[in-house]
Amino acid sequence: MASSGLLTLTDRGLFCERGNFYIDPVRSVERAVITHAHSDHARPGMRHYLAHRHTVRLLLHRISRSISTQSVEYGEVVKMNDVSVSLFPAGHMIGSSQVRVEAGGEVWVVSGDYKRQPDPYAAPFHPLRCDTFITESTFGLPIYHWPSDDEVVAAILRWHRANTACGVASAVQVYSLGKAQRLIGLLAHHVPLTVSPGIHAANECIRASGISVAETSILSHSISQETLIRGLILASGARDLQDLPAARSVGVDMAFASGWTATEPGRRRNAGAGFVMSDHVDWDDLHKAISETEAEHIVVTHGFASEVVQYLREQGRSAEVLAI
Amino acid sequence: MNRFAELCADLERTTRPNVMRQMIDTYGSSVSSETAALAMSLIDGSLCLRILRPREVASAVQSVAPLPQWLIDQSRTMGGTLAETSALLLPRSDSHCEHSLESTISLLTSLQHSDLRSRSEVILAMLQVCSVWERIVLTRIITGSRPTRCDLPQQHVEAAEATEHRMITTVLYAHKAPSIGQQTYSHFTVGVKKGEIYVPLAKIPNTFNEEISTIVEGLATQRTVEKFGPTHWVSVGIIVEIAYTDIVPSTRTKSGIKLLGARIVAWLPNHALAHVDSID
Ligand SMILES: [Zn+2]
């Protein structure tokens with residue numbers, strides 16, 4: 001990346017020398033700006049964390065009560081030396097943010113993880129004009145097009161109904177933070193939900209921020225076969241179900257809600273039911289986001305970065321890969 | 001067509017025969033008995049249409065989704081077969097196919113004797129207004145595949161396969177086909193881990209279907225380390241699931257065992273060497 005730029009990649013992560021802070025650093029630093037609470041972006045060991053207030057709550061819950069934090073609202077400007085830093089919705093999960101960095105008339109935006117589909121718990125992605133846009137590309141190939149939530153919900157319910165009729169329990173394996181709440185929001189009024197203790201803890205933490213998450217039962221040893229079969233289980237892993245007496249006496253079918261299940265090799269790899277649901281942008285939304293930034297230079301990270309960069313260059317845009 | 005595509009997708013989401021039957025019954029009770037019978041003949045493979053070859057689908061798609069060839073090739077490494085990748089490469093559509101399964105199939109049947117251009121045009125027009133799953137199912141049908149990848153709960157199929165065992169292996173050698181035909185390699189020697197090394201287990205006929213075969217053969221050529229006449233030594237990493245009926249001891253093999261009745265089940269593009277079985 002151009003060394004004269006506002007942000008450079010160091011062995012600790014994306015660094016703004018002028019403002020003396022890192023974005024989603026990978027090792028201990030003095031000052032970290034965190035895009036969202038997923039563990040591959042928010043790591044322990046930073047002297048100070050700055051994030052959206054919903055993210056801060058999750059960090060205190062996930063990392064430690066004793067970390068030093070600063071909560072900000074979307075759009076609020078924080079000065080770091082002569083650099084103005086502000087966060088805007090990324091639509092990826094609750095509290096997820098793009099980081100806007102401005103100094104000397106130059107604007108850089110770091111997307112973090114983001115999506116443009118609606119999510120009951122994430123403020124909608126907010127396109128920002130900038131000179132340089134640093135975007136993720138987890139699903140940056142033209143074969144990835146997400147179906148609507150309605151389609152996905154209908155498919156999950158058909159699968160669940162067929163399993164129930166045959167006395168088989170249905171469990172969807174999801175991240176406890178983000179995807180779990182999105183599914184709860186979509187499914188709670190269709191089917192009784194039972195969640196693993198990890199997802200329950202995340203729900204409680206989100207409720208403590210004043211955001212309502214539908215009530216669900218908690219997966220425990222005392223759960224009956226009847227509840228297992230009739231309801232839909234959201235679990236963060238197969239382990240959540242292994243030791244339950246009721247789960248051992250009825251069959252449990254495990255499903256995955258992930259963008260990877262959009263293709264046949266992806267479905268085969270996951271060996272289980274696959275529902276195409278992602279918290280990352282698909283091909284069309286990625287390019288829509290890039291063009292809406294009107295950025296002169298695009299920096300692409302995570303995923304199919306070299307493919308996206310080559311494609312953008314062939315379209316006459318200035319682009320480069322950043323291997324974070 | 002929408003309900004049928006949903007059924008095909010649903011069937012792939014379970015491996016339980018009773019759940020599959022339940023899904024088929026639910027579908028059957030929502031359509032006429034003629035539609036249900038037609039659906040079953042497609043699903044069990046007894047009705048098979050071949051309207052376009054996979055590469056003809058690909059070039060039809062390319063005419064409306066102009067993407068650079070390298071990006072299409074790259075997409076294919078993640079998208080699976082050529083036909084299916086092509087279906088996924090079409091621009092997003094928010095509509096559904098409005099034709100019934102019967103009218104779709106009778107339209108397809110009437111196309112069988114038209115020339116390539118009109119077949120491509122009609123198919124492309126159909127695909128463009130379909131949802132993603134309808135596209136996948138329709139593409140499979142027109143290229144002569146079964147519309148769903150599920151293993152149907154059929155008694156005789158289960159009985160025939162009951163004595164088989166499965167194993168995950170990596171390709172060690174690719175054997176050149178004796179004459180120039182469709183195939184580059186007629187056999188693959190697959191192996192498993194023994195300690196730190198990979199040892200050959202069986203030389204198995206290349207029975208991949210045309211599409212998968214093209215990909216796997218391409219990979220084998222790319223990964224060829226050295227050639228010993230028609231035998232090409234391939235670097236490990238092409239992961240293949242095999243089935244066999246029995247294992248017997250053998251003093252003539254490095255592995256010390258020999259597989260009987262070995263056959264190829266599937267190429268596992270997203271498996272890594274870590275998944276390969278070991279005989280320790
Ligand atoms: Zn994330």
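Numbering of residues starts from 1 in every chain and runs along the sequence as written. Just so you know, chain letters begin at A and ligand numbers begin at 1, following the order they were written in. Restriction of local features to residues with pLDDT of at least 70 applies here, the model being predicted, together with a cutoff of 80 or more for giving and counting side-chain atom pairs; totals for whole chains, interfaces and linings are based on all residues. Just so you know, side-chain values use all the structure's heavy atoms and leave hydrogens and water out.

Visitor: Talk me through the pattern of salt bridges; I want residue IDs and the actual numbers.
Guide: Note that side chains of opposite charge can pair when their charged atoms are close. Between Lys or Arg on one side and Asp or Glu on the other, a salt bridge is scored when a side-chain nitrogen of the former is within 4 Å of a carboxyl oxygen of the latter. In total, this model carries 28 salt bridges over all chains according to the counting rule given. When the shortest N-O distance is used, the salt bridge between A:Asp284 and B:Arg92 registers 3.9 Å. Taken together, the residues span two chains, with A:Asp284 in helix H9 (residues 283-293) and B:Arg92 in the loop between helix H6 (82-89) and helix H7 (101-111). The class of B:Arg92 is partly exposed, set by a relative accessible area of 34%. Helix and strand assignments come from DSSP, with helices taken as H or I runs of at least 4 residues and strands as E runs of at least 2, each series counted from the N terminus. Burial classification: accessible surface area is computed with a 1.4 Å probe over protein chains only, and a residue below 20% of its type maximum counts as buried, one above 50% as exposed, and the rest as partly exposed.

Visitor: Give me the lowdown on the interface of chain B and chain A, citing residues and values where you can.
Guide: Residues are treated as being in contact if the distance between any of their heavy atoms lies within 4.5 Å. Residue-level contacts link 37 residues of chain B with 39 residues of chain A. Overall, the association of chain B and chain A removes approximately 3200 Å² of surface from exposure, summing both partners, and the carbon and sulfur fraction of that is 58%. Interface area lost by chain B to chain A is led by B:Arg13, B:Met78 and B:Arg92, which between them contribute 23%. Summed over the shared surface of chain B and chain A, the result is seven salt bridges. Side-chain atoms alone can form a polar contact between residues adjacent in sequence; in general such a contact is a pair of N or O atoms within 3.5 Å, and within protein one must be able to donate a hydrogen while the other accepts it. Joining chain B to chain A, the criterion identifies eleven residue pairs in polar contact (both at pLDDT 80 or more). In terms of residue count, helix H5 (residues 69-79) of chain B provides more of the side of chain B that touches chain A than any other element does, six residues in total. Buried area is a sum: the accessible area each of two parts loses on coming together, probed at 1.4 Å, counted once for each and added.

Visitor: Could you give an account of the coordination of the zinc ion, with specific residues and numbers?
Guide: Residues and elements named next belong to chain A. Donor criterion used throughout: N, O or S atom within 2.8 Å of the metal, extended to 3.2 Å for Na, K and Ca. Water excluded; incomplete-looking sites may result. Ligation of the zinc ion by protein atoms is provided by His36 (NE2), His38 (ND1), His92 (NE2) and Asp113 (OD), these donors lying 2.2 to 2.3 Å from the ion. Angular criteria define each label, namely tetrahedral for four donors with all angles between 85 and 135 degrees, square planar for four and octahedral for six donors with opposite donors over 155 degrees apart and remaining angles between 65 and 115, and irregular for whatever fails these tests. Each of the four donor atoms bound to the zinc ion contributes to angles spanning 89 to 171°, and the resulting shape is irregular. Spacing between the donor residues of the zinc ion along the chain follows H-x1-H-x53-H-x20-D. There is no split in this pair, since His36 and His38 are both buried.

Visitor: Outline helix H4 (residues 54-64) of chain B, supporting the account with residue identities and numerical values.
Guide: Listed as buried for H4(B) are B:Pro54, B:Glu56, B:Val57, B:Ala58, B:Ala60 and B:Val61. On its buried face, H4(B) is in contact with H6, helix H8 (116-128), helix H9 (132-142) and helix H11 (210-222) of chain B.

Visitor: Got a sec to walk through the pairing of strand S8 (residues 257-260) of chain B? Specific residues and values, please.
Guide: Residue and element names in this part refer to chain B. Side chains of S8 alternate between two faces, with Ile257 and Leu259 buried and Lys258 and Leu260 left unburied. The pairing criterion for strands is at least two bridges between them, as found by DSSP. Across four bridges, the pairing between strand S7 (residues 246-249) and S8 is antiparallel. Bridged to Asp246 within S8 is Leu260.

Visitor: Describe the confidence of the model for chain B, with residues and values.
Guide: Residue and element names in this part refer to chain B. What pLDDT expresses is the predictor's confidence in each residue, scored from 0 to 100. Averaged over chain B, the pLDDT score is 86; the fraction of residues at 70 or greater is 94%. Ranking the elements of chain B by mean pLDDT puts helix H10 (residues 155-161) last with 37 and helix H1 (residues 2-11) first with 95. In this model residues 155-162 is a low-confidence stretch, pLDDT under 50, and it forms five contacts with partners more than four residues away in sequence or in other chains. Two numbers describe this predicted complex: its pTM, 0.78, and its ipTM, 0.90.

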